[in-house]
Amino acid sequence: MLLIPAIDLKDGQCVRLKQGDLKAATVFSDKPGEMAAHWKDQGARRLHIVDLNGAIAGRPKNEPAFKAIMKALGGEIPVQIGGGIRDLDTIERFLDDGATYMVIGTAAVKNPGLLQDACVAFPGHIIVSIDAKDGKVATDGWSKLSGHEVIDLAKKFEDYGVESILYTDIGRDGMLTGVNIEATLKLAESVSVPIIASGLSTRKSRRSSLRAALVRQDAKTGGTTPAAAMASWRAVGRSGPKASRSMPVAILSCFLSGRELT
């Protein structure tokens, strides 16, 4: 299983939000580069970076922090970044600066032609993010709900050639309450590309579906290591749901309906 630590950026700092609310941000580091180096040193094989300000503004707002992260990593592990990615020039600039994957969210819903063009121009480098509540897709940093159905959009994006789909239930994100397992599996069964879903699942019957997980650091405890997260997940498999209650992370579980993520 691939564990992908996440760094959420707001005003140049590493934070955690509750249900996407920028006003409910808790800062746990003001040195993104050092945080990235920490995860690399702990054995991370990929990092996930989110520009929270950019998601609201519609353009990247934390590029200095991103560059600090890339400098700290020294090109040793791949990075995926999202938040405010709205045009091909921005995608090309971040890829040139060292990003491996670009995550497109709002722009994919509002301007699907951009996503299609990006998949053609940068094959294998485009991840689409679908954020939803009650089966409806949200945009603009989760501040607006559209009328689009999740599965309908996912099928369209799959046809465009996306590398994978990042799926988030915005009612659960940052709450440590677990993945929306039913919605996730329904989506995974509808498409053939990898599905990355928000939240930790503790249901033993679903462990065989896991191939990757994205770990968000807990602001109060100081977080965990990929190795510790893996050990905690295995403990869930042995002991059932109670084993996860002290686990200080939120995990994005990747349910693969196709190939393995690397």
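This text follows the structure it describes.
Residues numbered from 1 in each chain as written. Predicted model: local features only at pLDDT ≥ 70, side-chain atom pairs only at ≥ 80, totals over all residues. Heavy atoms only, no water.

*Asks:* Break down the nonpolar core for me, citing the residues and quoting the values.
*Replies:* Core analysis: the largest hydrophobic core is formed by 52 residues, its most contacted members being I7 and L115. Ranked by residues supplied to this core, first place goes to helix α7 (residues 150–160) with six residues. Setting aside chain neighbours within four positions, we find I7 in contact with C14, P32, M35, A36, W39, L47, H48, I49, V50 and I69. With five residues, the next largest nonpolar core counts Y101, V103, I127 and L166 among its residues. (Core = buried A, V, L, I, M, F, W, Y, C linked by side-chain atoms within 4.5 Å. Buried < 20%, exposed > 50% of the residue type's maximum accessible area, 1.4 Å probe, protein only. Helix = DSSP H or I, 4+ residues; strand = E, 2+ residues; numbered from the N terminus. Contact = heavy atoms within 4.5 Å.)

*Asks:* Tell me what's going on with the environment of N180, and back it up with residues and numbers.
*Replies:* Tracing the sequence through the fold places N180 in the loop between β10 (164–169) and α8 (181–188). Counting along the chain gives 13 residues from N180 to Y167, while the straight-line C-alpha distance between them is 9.9 Å.

*Asks:* Tell me about the pairing of strand β6 (residues 101–104), and please be specific about residues and values.
*Replies:* Judged by which residues are buried, β6 turns out to be covered on both faces: Y101 and V103 on one side and M102 and I104 on the other are all buried. As paired elements, strand β5 (residues 79–82) and β6 share three bridges and run parallel to each other. Opposite I81, over in β6, you have M102 as the bridge partner. Chirality of the crossover, the property in question, places the unit of β5, helix α4 (residues 88–96) and β6 among those that are right-handed. Note that β6 and strand β7 (residues 126–133) share three bridges and pair parallel. Residue M102 lies in a different strand from β7, and its bridge partner there is I126. (Pairing = 2+ DSSP bridges. Right-handed = clockwise from strand over helix to strand, strands pointing away.)

*Asks:* I'd like to hear about the pattern of salt bridges, residue by residue, with values.
*Replies:* Applying the stated rule across the entire model yields four salt bridges. Across the salt bridge formed by D11 and K10, the nearest N and O atoms sit 3.1 Å from each other. A residue is classified by how much of its surface remains accessible, and D11, at 52% relative accessible area, is exposed. Exposure remark for K10: the relative accessible area of 18% places this residue in the buried category. K40 is the salt-bridge partner of E76, the closest N and O atoms lying 3.5 Å from each other. In this pair, E76 is assigned in the loop between α3 (63–73) and β5 and K40 in helix α1 (residues 32–41), connecting sequence segments 36 residues apart. (Salt bridge = Lys/Arg side-chain N within 4 Å of Asp/Glu carboxyl O.)

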